[in-house]
Each structure stands twice: as C-alpha cells, then as structure tokens.
Amino acid sequence: GESVGLHLPTLSVQEGDNSIINCAYSNSASDYFIWYKQESGKGPQFIIDIRSNMDKRQGQRVTVLLNKTVKHLSLQIAATQPGDSAVYFCAENFFSGGYQKVTFGIGTKLQVIP
Amino acid sequence: DAGVIQSPRHEVTEMGQEVTLRCKPISGHDYLFWYRQTMMRGLELLIYFNNNVPIDDSGMPEDRFSAKMPNASFSTLKIQPSEPRDSAVYFCASSTEGGSSVYGYTFGSGTRLTVV
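Predicted, not measured: the structure shown is a model, and the values here were computed from it. (Residues numbered from 1 in each chain as written. Chains lettered and ligands numbered in written order. Predicted model: local features only at pLDDT ≥ 70, side-chain atom pairs only at ≥ 80, totals over all residues. Heavy atoms only, no water.)

*Asks:* Would you mind showing me how to read the pattern of salt bridges here?
*Replies:* Opposite charge on two side chains permits them to pair, given that their charged atoms come into close proximity. A complete count under the given rule lists 11 salt bridges over all chains for this structure. Across the pair lysine 42 of chain A and glutamate 39 of chain A runs a salt bridge, and its minimum N-O distance is 3.8 Å. Residue classification places glutamate 39 of chain A among the partly exposed residues on the basis of a relative accessible area of 26%. Arginine 64 of chain B serves as the salt-bridge partner of glutamate 83 of chain B, at 3.5 Å between the closest nitrogen and oxygen. Residue glutamate 83 of chain B is located in the loop between strand 8 (74-79) and strand 9 (88-95), and its partner arginine 64 of chain B is located in the loop between strand 6 (53-56) and strand 7 (65-71); the two are separated by 19 residues in the primary sequence. (Salt bridge = Lys/Arg side-chain N within 4 Å of Asp/Glu carboxyl O. Buried < 20%, exposed > 50% of the residue type's maximum accessible area, 1.4 Å probe, protein only. Helix = DSSP H or I, 4+ residues; strand = E, 2+ residues; numbered from the N terminus.)

Structure follows, in structure tokens:
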C-alpha cells in the first residue's frame, strides 16, 4: 500500500457564507477549463466550465474566474450549503503530441460547518 | 439515462491475479476514458478511445495494463498480473465529440480495487 499520500488543502466554511476555491494551472496553452465536484464514494461531477477567451462565467450559485496572466482559476460558491461539502478539482485541456490532454489538479476539500 | 456504469464497485484480489474492470458508456457518447485515482497522484488519465479506437494510451503504466473497446457500449480495463501498487479507484468517463474531449464529460461511480 501507500505510506505517503497527498494532503488535500482543506477549506472550512460556515453554512451560508461564500466559498472561494483556487487553482493554479500549468499550461499557458490550455484552452478550456472545468471545475468538478467529487463527493465521497462517487465519481467527479461536472460543475461549470470556461473557455480561455473568457475571464468570468456564472452558473447557479457558482462563478468561475479565469486569470490567464497568472494562470489562476477560481470557483466561487455563493451561500454555501452542507451539500456542497466535497472535494473540488479544476481541470485544464490542451493539445500535446497531437492529442487533446486533460490534467486535473490535486483537489481542495470543502467542509461546510452547519 | 443511467449514466456511465462501472462494475464491479469493489474488487479485492490477491497479488498476481488477473483483474478485469468493466464500463458501459452513455449511449451516443463516442469518447471513453479510463482514469485512476490515488492519494499519491490524484486523477491520472490512463487511456482514451474515440469511436472504439484507442487514441492515446501514453498514461498506461506498463504492459500489465491493457484496455479494449470491442463495441460502442462496452470497454474493459485489464490488469495482469495485479500488484499491491495497483490499488486505487478506477474511473471510466464518456463524452460527446464537440471539439474537445472534455465537453460533456460524465464519470462513472468508479471501481475501488484493492490488491493484497
């Protein structure tokens, strides 16, 4: 088995407050970015996406901001609810070696305090 | 739609045994992906198919791993022989063609593999 594992960054937020989850991506040529939510025992679930020609996109209670200058992505969740507790991943899409590649970040664990 | 269906949900096997993981993508999706998730490495792409044809298998760790997609509704990931370091959660995902392999990405619930 594994003796050393990743220690996921954890964000603890009071229910009703806004949450901001950050992600630094690696490839300046990435053209598409996605946020996923993974609840315990489940697969990642698509939340919201943004193309590289945009800097902001809003969904229901969620907003994604993209800053290409510093290669930074953030996910804002308004009025955080207990059901938002999960691990959140950002992913970037780019071309490499003739193929489209998707790379996921390590994730941030969001804990909502009731 | 039942989504992406993976089986089994859990698999415990002894080192050296063959393990076969199965995936049924969403009907009409023509991209299928196999991912592995561990605490050490997070989510790693192993291989993906387009219209049943393997496109990029550069993420497959070694020859012990093989994947097939005999038809549009079924794919397998096989490990032979299995080793304890293969213990992980294996996810299958499918998507529709749309200019990017990640458009409409839907993951299955995963197979948790434990090799003892």
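*Asks:* Explain the sheet that holds strand 1 (residues 5-7) of chain B here, please?
*Replies:* Note: strands within a sheet are paired through backbone hydrogen bonds, in either parallel or antiparallel orientation. Residues and elements named next belong to chain B. Strand order in this open sheet of four strands is 1-3-8-7, and the pairing throughout is antiparallel. Whereas interior strands pair on both sides, the edge strands pair on one side only; in this sheet they are strand 1 and strand 7. Within this sheet the neighbouring strands show an average axis-to-axis angle of 15 degrees, counted without direction. Of the strand pairs in this sheet, strand 7 and strand 8 are connected by five bridges, and their pairing is antiparallel. (Pairing = 2+ DSSP bridges. Axes fitted to C-alpha atoms, helices over the stretch in contact; angles between N-to-C directions.)

*Asks:* Any chance you could explain the pairing of strand 8 (residues 86-96) of chain A here in plain terms?
*Replies:* Each regular strand shows side chains that alternate between the opposite faces of the sheet. Residues and elements named next belong to chain A. Within strand 8, nine of the 11 residues are buried, leaving the element largely enclosed by the surrounding structure. Note: strand 3 (residues 32-38) against strand 8, seven bridges, orientation antiparallel. Its bridge partner lying in strand 8, tyrosine 36 is registered against phenylalanine 89.

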